[in-house]
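Residues per chain, in single letters:
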Amino acid sequence: MSSRWIPILLLLPLQAEPTLRPLTPQDILRIEQWGETAASPDGQLFAFVRIRARTSAANAMRDFMNGNDRADIWIAPRNGTPRRITNGFTDGAGFFQPVWSPDGQRLAMLSTRGNKIRLWVWSRATGAIRLAADETVEVARPIWIGPAKVLCATPPPGRQPGVFSLETQAPEEAMRAWPLAWAGRTSTASVLHSGTPPDMAKRPQGRLIQFDLASGAVSTLLPGNFTSISPSPDGLHRAMLEVAGILQPEAGRPIPNRNPIKYSLVVVDARGRRLGFAGSSPNDVIPGSLRWSPTSAALACVANTPEGPRVSRFDISGGSLRLASSYEGILASPRGVQWTPDGRLLVQIRANGRADWLLAEGAAPLNMTASLTRPPSSLVAFGTKQELAAVADGRLWLMRAGAAAFTPVGDAQSTPRLDNIVWPMDGSSTNSLVVMASQRLIVADPAQGAFLPMESPSPTAQFTDFVPQSSTALFKDVTPRGSFLWTSSPGSAPPRRVEAANEFLEQIAAGTLERFEYPGPDGKPLIAWCLRPHGYEKGKRYPTVFWLYGGLSFGPEPPPFWVPLNSSGVFNLQLLAARGYLVVMPSMPLAPEGRPSDPYLDIPRTVLPAVDKALELGLADPRRLAVMGHSYGGYSTYAMITQSQRFQAAVALGGFCNLVSLYGQLDPRHRYAEYARDRLLHMTLLESGQDRMGGPPSQAIERYLRNSPITQVDRVTTPVLIAQGDQDYVPIQQGEEFFTSLYRQNKPADFVRYWGEGHIIESPANIEDVWRRIFAWLEQYLR
């Protein structure tokens, strides 16, 4: 036998390409999300919120909880494996808003367990989680005022926080009241008054309460309905806003497009005793505008006045608040207020196309950023709040205690060109800053003039937090392949993946995006985004759905928020691409809100040129065109099919069609509330909001009529599917009016009514149902 080596050819099977499948509504219901993150004070742990799939919710009608009603909290060591510390999945509860105690030994959080919002606490020493007390609290970040004491505001007795109960309160009240009327022995009358200002003192009151976690005691500091609780840096006082009134309509003046609730400023000492005002106090303070000075000796806020926003500085002395200075001007934003390290007030003012920072004290305000080509958008206090940092003209600038101007860090030639500061945003006692530079993150040490680049896990990863003790950044990365949490640090070490979710998306065939330009009404180019089906063939014309939302315009980046494959939103347009449809999202600019105009007439002027361009490019099939939209997009859909006959199908979701009747309808979510008149939602939107009517129907009836699609419903030739919930704040009567008008003409239309649903369809069963009907409708009329 020969020992000669004989080669043998092995025919191995080739690795097959993975088979991808279309996205389905059931996939949308499986998607999980990342919520808030919070690093412990020592930097060794960070907590993060993982929002479970929609199907895990105990009550599908908690839209304004933003998924937190079905969330759990996880703890991740700096270099270890994360673990879940709550078990909300067992009963459909949510745990959210994690906040570390100052010593890092406890983690406070809120939970929906027990079908109410309460404070829970996790112990780092024992790993146990417990209910702090059986007290319902508002949905707001718990406020630590010591290693074992927490402040929270409560709603009035027997009530739940508004964001928790908003979508369910009307049905619950109806189910309570209707049987009483049927029995006939108890009156169910509810009276709304006009012409009399509300007496807020006579309305049900919540409380400001203090939890003592060491003893288990709960104490009431003072009664009232509070929000925006802000302790002073020295811990001796707490500032907050108290509900003080409701915006009252005035004859002859449009209702401003703003929150109708008015807030007063309240400051208490550590025992809950209110500080008095030496003079008048602001009675319409804007939430989010409270700012303590670095030494706690003064407090600033922004309040609405008949003349416009006013910035006020109050000095604290002798147990009272004294108005020290005020400034009136066109603020860049309510948050455009900051203190210098030595306690002087800076205000960001918009004028001449700029947003400069003025020293708003003294007889003549001093412009501190006039020498900069582009003033900084924000100022950041850091380094035990002894410095202010800003990025402007591509450089990092500092203002130190006692300085009269900003000075640059480093020289322009050797330092990278910077874009903006991303951390910290609300003050930090560390000496590090995280800045963005040409889509790259850089950790800056201003004292040393050092700028260390930090590797991002991917081009799509979003920076969320920074742990200065270990110089570690946390990223969320939501991709078509899944959703991931990463950490990264400056230096050569690669980013580390901490946790993953939604990896089933690797099996899904995603549509692809492109954009094209088309001429707008003024001849200037507009941008439309186009979502193409998987396997798109160039030169082939596709059935096309034009997704509309009047007033929304797009730029080259970012793409519209309806198109990511990983979106858990109900109207994920990848579902249409998965069925073989081309989806075009045109830009639809309208006149600025607050300026009376005719949006109904303007909408076709931005949509029809996009249709023409899609046909010219060979993308759309002229015999298979549909128009579709939700909310103002539903109105836009009604506007299109009453002014154009180019579409073979239409889908209007949660839209409105009659601006006159809409003006006088109560918000259904508050219809059974004792103070339903306070909700000025439709009046506000119509007079000075996105409907752009400029006043009530009695003063502008012709504008109301010519902008109401219902007045042109006889021109409709497009079969239309209408879908709406009976608890929608756009009242279901709007859908009823359009449908019955089509029914009167014996024109093809379906009206799908979802009992118990609000403005956005939330129930998993109804989400599946509405998409099944949308697919069937488009199939019937486009194929």
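From a predicted model like this one, the values you see are computed outputs, not experimental measurements.

Trainee: Describe the overall build of the protein, and please don't skip the residues or the numbers.
Mentor: Looking only at helices and strands, one finds eleven helices and 44 strands in the protein. Relative to the globule expectation of 28 Å for 783 residues, the C-alpha radius of gyration of the protein, 29 Å, shows essentially globular dimensions. In terms of overall dimensions, the protein has a C-alpha envelope of 105 × 75 × 60 Å along the principal axes. Of all 783 residues assigned to the protein, the portion counted as buried reaches 53%.

Trainee: With reference to specific residues and values, describe the sheet that holds strand β42 (residues 649-653).
Mentor: An order of β37-β38-β40-β39-β41-β42-β43-β44 is seen for the eight strands of this open sheet, with the pairing classed as mixed. Of all the strands in the sheet, the pair left with one neighbour each is β37 (512-519) and β44 (749-754). Averaged over all pairs of adjacent strands, the angle between strand axes in this sheet comes to 20°, irrespective of strand direction. Bridging between strand β39 (residues 542-547) and strand β41 (residues 620-630) involves five bridges; their strand directions are parallel. Residue phenylalanine 546 lies in a different strand from β41, and its bridge partner there is valine 627. Together, β37, β38 (525-532), β39 and β41 form the strand contacts of helix α5 (residues 599-616), whose direction differs from that of β37 by roughly 115°.

Trainee: If you had to explain the pairing of strand β35 (residues 482-488) to someone new, which residues and values would you point to?
Mentor: The element β35 is extensively covered by neighbouring structure, given that seven of its seven residues are classed as buried. With burial as the criterion, each face of β35 is covered, one bearing Gly482, Phe484, Trp486 and Ser488 and the other bearing Ser483, Leu485 and Thr487. Bridging between strand β34 (residues 472-479) and β35 involves seven bridges; their strand directions are antiparallel. Note on β35: the bridge partner recorded for threonine 479 is glycine 482. By the bridge criterion, five bridges tie β35 to strand β36 (residues 496-501) in an arrangement that is antiparallel. Of the residues in β36, the one forming a bridge with threonine 487 is arginine 496.

Trainee: Kindly report on the packing of α5 against helix α6 (residues 632-641), identifying the contributing residues and their values.
Mentor: At a minimum axis separation of 9 Å, α5 and α6 run at an interaxial angle of 80°. With respect to their mutual orientation, α5 and α6 come out roughly perpendicular. On α6, the residues touching Pro599, Tyr600, Ile603, Pro604, Val607 and Leu608 of α5 are Tyr632, Tyr635, Ser636, Ala639 and Met640. Grouping the amino acids of the contact of α5 with α6 by side-chain chemistry returns ten nonpolar, one polar and no charged.

Trainee: So what about the pattern of salt bridges? Which residues, and what values?
Mentor: This structure, assessed with the given rule, holds 39 salt bridges. Between arginine 203 and aspartate 678 there is a salt bridge, with its nearest N and O atoms 2.6 Å apart. A residue pair is termed long-range when its members are at least 10 positions apart, and arginine 203 in the loop between α3 (169-183) and β11 (207-212) and aspartate 678 in the loop between α7 (659-663) and α8 (681-687) qualify at 475 residues. Of the two residues, arginine 203 and aspartate 678, both sit in the buried class. Between glutamate 242 and arginine 274 there is a salt bridge; the shortest N-O distance is 3.1 Å. With glutamate 242 in strand β14 (residues 237-246) and arginine 274 in the loop between β15 (261-269) and β16 (276-278), this pair connects stretches of sequence that are 32 residues apart. Residue arginine 274 is classed as partly exposed on the basis of its relative accessible area of 46%. Connected through shared salt-bridge partners, Arg21, Asp27 and Arg30 make up one network.

Trainee: Tell me about the environment of alanine 303, and name the residues and values.
Mentor: On the secondary structure map, alanine 303 appears in strand β18 (residues 298-305). Accessibility expressed as a relative area gives 7% for alanine 303, which makes it buried. For the pair formed by alanine 303 and histidine 759, sequence separation is 456 residues and the distance between their alpha carbons is 31 Å. Apart from the residues within four sequence positions on either side, alanine 303 is in contact with Pro282, Asp284, Val285, Ile286, Gly308, Pro309 and Arg310.

Trainee: Break down the pairing of β18 for me, with residues and values.
Mentor: Among the eight residues of β18, seven are classified as buried, and the element is accordingly described as predominantly covered. Direction of pairing for β18 relative to strand β19 (residues 308-317): antiparallel, over a ladder of eight bridges. Paired with leucine 299 across the bridge in β19 is phenylalanine 314. In textbook terms, the turn of a hairpin is the stretch between consecutive antiparallel strands, and for β18 and β19 this stretch comprises two residues.

Trainee: Can you break down α6 residue by residue, with the values?
Mentor: Burial within α6 is extensive, with ten of its ten residues counted as buried. All buried positions along α6 are accounted for by Tyr632, Gly633, Gly634, Tyr635, Ser636, Thr637, Tyr638, Ala639, Met640 and Ile641. Check the buried side of α6 and you find it contacts α5, β41, β42, α7, β43 (720-725) and α10 (732-744).

Trainee: Can you tell me about the packing of aromatic side chains, naming the residues and giving the values?
Mentor: Under the defined criterion, the tally for this structure stands at 26 aromatic pairs. Ring centres of tryptophan 777 and tyrosine 781 lie 4.9 Å apart, and the angle between their planes is 55°; this geometry places the pair in the tilted category. Taken together, the positions of tryptophan 777 and tyrosine 781, both in helix α11 (residues 764-782) and four residues apart, correspond to about one turn of that helix. Tryptophan 777 sits in the buried class, given a relative accessible area of 4%.

Trainee: Any chance you could break down the confidence of the model for the protein for me, citing the residues and the numbers?
Mentor: Here the protein shows a mean pLDDT of 92. Residues at 70 or above account for 97%. Of the regions scoring below 50 in pLDDT, residues 1-12 engages in zero contacts with residues more than four places distant in sequence or in other chains.

Trainee: Talk me through a nonpolar patch on the surface; I want residue IDs and the actual numbers.
Mentor: Together, Trp178, Trp182 and Tyr672 make up an exposed nonpolar region whose accessible area comes to about 410 Å². Inspection of the secondary structure assignment puts tryptophan 178 in helix α3. Using a relative accessible area of 44% as the deciding quantity, one classes tryptophan 178 as partly exposed.

Rules used in this analysis
- Residues numbered from 1 in each chain as written.
- Predicted model: local features only at pLDDT ≥ 70, side-chain atom pairs only at ≥ 80, totals over all residues.
- Heavy atoms only, no water.
- Helix = DSSP H or I, 4+ residues; strand = E, 2+ residues; numbered from the N terminus.
- Rg over C-alpha atoms; globule rule 2.2 N^0.38 Å.
- Buried < 20%, exposed > 50% of the residue type's maximum accessible area, 1.4 Å probe, protein only.
- Pairing = 2+ DSSP bridges.
- Axes fitted to C-alpha atoms, helices over the stretch in contact; angles between N-to-C directions.
- Contact = heavy atoms within 4.5 Å.
- Parallel < 35°, antiparallel > 145°, perpendicular 65-115°, else oblique.
- Nonpolar A, V, L, I, M, F, W, Y, C, P; charged D, E, K, R; others polar.
- Salt bridge = Lys/Arg side-chain N within 4 Å of Asp/Glu carboxyl O.
- Phe/Tyr/Trp six-rings, centres within 6.5 Å; stacked < 30°, edge-to-face > 60°.
- pLDDT = per-residue confidence, 0-100.
- Patch = residues over 30% accessible without salt bridge, like charges linked within 9 Å, V, L, I, M, F, W, Y side chains within 5 Å.
- Areas by Shrake-Rupley, 256 points an atom, 1.4 Å probe, with all protein chains shown as cover.

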